[in-house]
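Commentary on secondary and tertiary structure
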Amino acid sequence: MGARPIIGIATQTQDPIPGVRSISWVVGQMYVRVLSTAGAVPWLIPVIQDDEETLRLIYERLDGVFLKGGVDVDPVHYNEQRHPLCGRLDAARDWVEFRLTQWAVRDKKPLLGVCRGVQVINVALGGTLYQHLPEQFTSTIVHDSVEDDEGPYQRDDIVHEISILPQTQLQRILGDKPLTVNSMHHQGIKALAPTLTATAFAPDGLIEGVEGKDGSFLVGVQWHPEELCAGRLEMNRLFTEFVWAAAEFQKRAKPVGMKPATA
């Protein structure tokens, strides 16, 4: 791999604390570290709602887009009333990530989403979500281990298996054997967006992985692979394959005569 590809990561709004902290943008360090270890240059993107010109200028400098976990997706984006147990929202982050997703899909720029990220991909492309799985999806599996009464749990605790469909990008990356994963989500994919294919499932049938249909690197998973990279080669491959795809995109998109990045 030549110049390290630049991967954009949208931040999340952090509320102010009067007299202590003004309104801020934050991101978990693990996302940044795992992408850097995989060979990328992580680029943190402020969620500058309604400043499309600036966001577009940032996007054009990216070789890939990473959508991380976080707060709930506002159900207004899939034309539903808010469920009483739908959690905290971040309108600015929704605004930014929906645009990044739609631009990346249109341009075939590599896109990887985890947890909330796979939900954003699905909704941005026309799908819907279960707003609160315990009340809207029948299952014996506790998908939100953090809220399980039997806790406490760590973010790398294994919760359930997933099965991966054959002849998919996810199978090529992670292998064809059932995998065990962590699980920290109370929302999930309900109606799948028409341009996506479901590639992995939990034992109760809930969608755990998706990919695009056009052959570009468009992958989303419902678990948190960044928390499982220590000692799990297949989880590392998810990030290294993503970064490799971004590096290939960089080679194709770089204008003739542009000097290579020094990073």
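In the block above lies the structure referred to throughout.
The sections below set out a description of the structure shown in this document. (Residues numbered from 1 in each chain as written. Predicted model: local features only at pLDDT ≥ 70, side-chain atom pairs only at ≥ 80, totals over all residues. Heavy atoms only, no water.)

**A short note on the environment of Gln 167**
The topology assignment puts Gln 167 in the loop between strand S8 (160-164) and helix H6 (169-174). The spacing of Gln 167 and His 83 is 84 residues in sequence and 37 Å in space, taken between C-alpha atoms. (Helix = DSSP H or I, 4+ residues; strand = E, 2+ residues; numbered from the N terminus.)

**Considering helix H2 (residues 52-59)**
Along H2, the positions that sit buried rather than exposed are Leu 55, Ile 58 and Tyr 59. Down the axis of H2, the smallest arc covering the buried residues is 100°, so these residues share one side. (Buried < 20%, exposed > 50% of the residue type's maximum accessible area, 1.4 Å probe, protein only. Arc of directions from axis to C-beta.)

**Re unusual backbone geometry**
Of note, Asn 79 is a non-glycine position whose phi angle comes to about 60°, a positive value. With respect to the helices and strands, Asn 79 occurs in the loop between strand S5 (64-67) and helix H3 (91-107). Residue Asn 79 is classed as exposed on the basis of its relative accessible area, which comes to 73%.

**A look at the sheet that holds strand S4 (residues 41-45)**
Taking strand neighbours across the sheet as the criterion, the 9 strands line up as S4-S1-S5-S6-S13-S12-S11-S8-S9 in an open arrangement whose pairing is mixed. Looking at strand neighbours, the two that pair on one side only are S4 and strand S9 (179-181), the edges of this open sheet. For this sheet the average axis-to-axis angle between neighbouring strands, irrespective of direction, equals 25°. Contacting strand S1 (6-10), S4, S5, strand S6 (111-114) and strand S13 (218-221), H3 runs over the sheet at an angle of about 140° to S5. (Pairing = 2+ DSSP bridges. Axes fitted to C-alpha atoms, helices over the stretch in contact; angles between N-to-C directions. Contact = heavy atoms within 4.5 Å.)

**Considerations on the pairing of S13**
The two faces of S13 match: Leu 218 and Gly 220 on one face and Val 219 and Val 221 on the other face are all buried. Pairing of S6 with S13 involves 4 bridges; the strand directions are parallel. Each residue of the ladder has a partner; that of Leu 111, found in S13, is Leu 218. By the bridge criterion, 3 bridges tie strand S12 (residues 207-212) to S13 in an arrangement that is antiparallel. Across the sheet, the residue bridging to Gly 209 is Val 221, located in S13. Hairpin connection, S12 to S13: the antiparallel pair is bridged by 5 residues, and Gly 215 has positive phi, about 90°.

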